[in-house]
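# Fold and geometry: a report
In case you want the letters, here they are:
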Amino acid sequence: MLMNTFWQVFCLVVGLGAAVVSPFVVMKTFGKSRERAEKFMYRLMVFVLVYKILHFTLMPTIFRQNAVKLIPVEISSVSYFLMPIAYLSGSKILKETGRFVGFFAGLVQLLAMSISPASFVNSDMTNFTFIESIVMHYSLYLGGLIWNFTIEPLRYKDLWKALTGFLVILLWGTLAAFTWRYDHVNNKPENIMFIQECVLPDFLLIPGFDKNHLFIIEYLAVFFVYIAILYKLSRLAFKRRNPEPRSPWGGGSYKRYLKEKNSLPLNFCGSKERADYYLPIIAVRDDGKVAEGATAGREGISESAQNNPY
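Residues numbered from 1 in each chain as written. Predicted model: local features only at pLDDT ≥ 70, side-chain atom pairs only at ≥ 80, totals over all residues. Heavy atoms only, no water.

Helix length check: helix H3 (residues 75–89) (15 residues) gives 20 Å between terminal C-alpha atoms against 21 Å at 1.5 Å per residue, within 8%. Judged by how many residues are buried, H3 sits mostly within the fold: 12 of 15 residues are covered. When H3 is considered as a whole, its buried residues turn out to be Ile75, Ser76, Ser77, Val78, Ser79, Tyr80, Phe81, Leu82, Met83, Pro84, Ala86 and Tyr87. (Helix = DSSP H or I, 4+ residues; strand = E, 2+ residues; numbered from the N terminus. Expected span 1.5 Å × (residues − 1). Buried < 20%, exposed > 50% of the residue type's maximum accessible area, 1.4 Å probe, protein only.)

Here it is in structure tokens:
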């Protein structure tokens, strides 16, 4: 009983502490250096991807687990592959879904640990699986923080891409629940992503919403509030920052980096104005003048930047 209480307190402290403290630490550590953020992000995503590849390779071979049952279908298990691949490849198609879904999966896990620690402690997970779950979900959450708040902001115009990918994952999980992950013991679809059965604690559930899948209305309400807050905070995090060029750690091929490194967005929130930078770098303010403390002169600025009045 004492150990059970200890682990519940542990879940509460770790979940709430990580969710609340991490944003401040990330902004303090990486908020002024995109290259530092991308370098850390690159290593974090390599760790997540390599670990999960080894995990899904060794489990059916050495530990003789059912390989079909190990196919990623939950949002978290899909994100372990999707988020690293999206970042490391620099794929424009995958990145919106990868960073949106990965951050969402990590945040939900941390909040769930804070709200209902007993559900984690009383589960049938082994101690190793329990700690592994915390570490891996926090990696997704941390990666989402760094990506969305220090590397590249989330844009409302790209929201449809993230939601489309999210919907595809939901449909994929639903398909799995009714087919290869079907619960034949209880003769019902497996509760993948908690959409087949309600798992919300009573104090968060509107009376009567535990039946006929009405709890999904609560899911949707919270989900859209989450989107509005996330996208707004992401834009605000970049609004008053001096933009920086992409570093070699930014994902994608080195050839792409060489192509982009001399081109710097003046506005990370969607503005089309761009100024070309060449060594030595001249800091240019929004009004086109050389920023205070920068080297005076115009020899380092391209003709397009010199003629740009904004």
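Of all hydrophobic cores here, the largest spans 60 residues; its most connected members are Met41, Ile75, Phe100, Ile146, Tyr226, Leu230 and Tyr231. Of all elements in the fold, only helix H1 (2–30), helix H2 (34–61), H3, helix H4 (92–115), helix H6 (127–151), helix H7 (159–178) and helix H8 (215–239) reach the threshold of two or more residues within this core. At 11 residues, the largest contribution of residues to this core is made by H6. Beyond its immediate stretch of four places on either side in the chain, tyrosine 226 contacts Phe100, Phe103, Phe104 and Leu107. (Core = buried A, V, L, I, M, F, W, Y, C linked by side-chain atoms within 4.5 Å. Contact = heavy atoms within 4.5 Å.)

Below, the discussion takes up a nonpolar patch on the surface. There is a patch of nonpolar side chains on the surface, built from Val9, Leu12, Val13, Leu16, Val20, Val21, Phe24 and Val25 and spanning about 730 Å² of accessible area. Relative to the elements of secondary structure, valine 9 occurs in helix H1. Among the residues examined, valine 9 registers a relative accessible area of 46% and is labelled partly exposed. (Patch = residues over 30% accessible without salt bridge, like charges linked within 9 Å, V, L, I, M, F, W, Y side chains within 5 Å. Areas by Shrake-Rupley, 256 points an atom, 1.4 Å probe, with all protein chains shown as cover. Salt bridge = Lys/Arg side-chain N within 4 Å of Asp/Glu carboxyl O.)

Running from amino to carboxyl end, H2 crosses H3 at an angle of 140°, the nearest separation of the two axes being 9 Å. By the angle between their axes, H2 is oblique relative to H3. In this structure, H2 meets H3 at a crossing whose hand is left-handed. From H2, Glu38, Met41, Tyr42, Met45, Val46, Val48, Leu49, Lys52, Ile53 and Phe56 reach across to H3, where they touch Tyr80, Phe81, Met83, Pro84, Ile85, Tyr87 and Leu88. Taken together, the residues of the contact of H2 with H3 break down into 15 nonpolar, no polar and two charged. (Axes fitted to C-alpha atoms, helices over the stretch in contact; angles between N-to-C directions. Parallel < 35°, antiparallel > 145°, perpendicular 65-115°, else oblique. Left-handed = near helix turned anticlockwise from the far one by under 90°. Nonpolar A, V, L, I, M, F, W, Y, C, P; charged D, E, K, R; others polar.)

With that settled, consider the pattern of salt bridges. This model, assessed by the stated rule, comprises seven salt bridges. In this structure, lysine 95 engages glutamate 152 in a salt bridge whose closest nitrogen and oxygen atoms are separated by 2.7 Å. Of this pair, lysine 95 sits in helix H4 while glutamate 152 sits in the loop between H6 and H7, placing them 57 residues apart in sequence. Glutamate 152 carries the same exposure label as lysine 95, and that label is buried. Arginine 155 is paired through a salt bridge with glutamate 152; the nearest N and O atoms lie 3.4 Å apart. Across this residue pair, the class does not change: arginine 155 and glutamate 152 are buried.

As a further point, take unusual backbone geometry. Glycine aside, residues mostly have negative phi, and peptide bonds are mostly found in the trans state. Backbone geometry places methionine 193, a non-glycine residue, at a positive phi of 60°. The residue methionine 193 is located in the loop between H7 and H8 in this model. Given the relative accessible area of 9%, methionine 193 is considered buried. A positive phi angle, near 60°, is found at phenylalanine 194, a position not held by glycine. Residue position: phenylalanine 194 is located in the loop between H7 and H8.

Let's shift gears to the packing of aromatic side chains. This structure, assessed with the given rule, holds 25 aromatic pairs. With a centroid separation of 5.3 Å and an interplanar angle of 70°, the aromatic rings of phenylalanine 6 and tryptophan 7 are classed as edge-to-face. Accessibility expressed as a relative area gives 44% for phenylalanine 6, which makes it partly exposed. Judged by relative accessible area, tryptophan 7 falls into the partly exposed class, the value being 24%. Look at phenylalanine 103 and tyrosine 141: their rings are 5.3 Å apart centre to centre, the planes differ by 20°, and that puts the pair in the stacked class. Linking phenylalanine 103 in helix H4 with tyrosine 141 in helix H6, this pair joins segments that are 38 residues apart in sequence. Of the residues examined, phenylalanine 103 reaches a relative accessible area of 5% and is grouped as buried. Each residue in the set Phe100, Phe104, Tyr156, Phe166, Phe223, Phe224, Tyr226 and Tyr231 is aromatic and connected to the rest through ring pairs, giving one cluster. When the ring centre of tryptophan 249 is taken as reference, the NZ or CZ atom of arginine 43 above it lies at 5.7 Å. (Phe/Tyr/Trp six-rings, centres within 6.5 Å; stacked < 30°, edge-to-face > 60°. Lys NZ or Arg CZ within 6 Å of the ring centre and 35° of its normal.)

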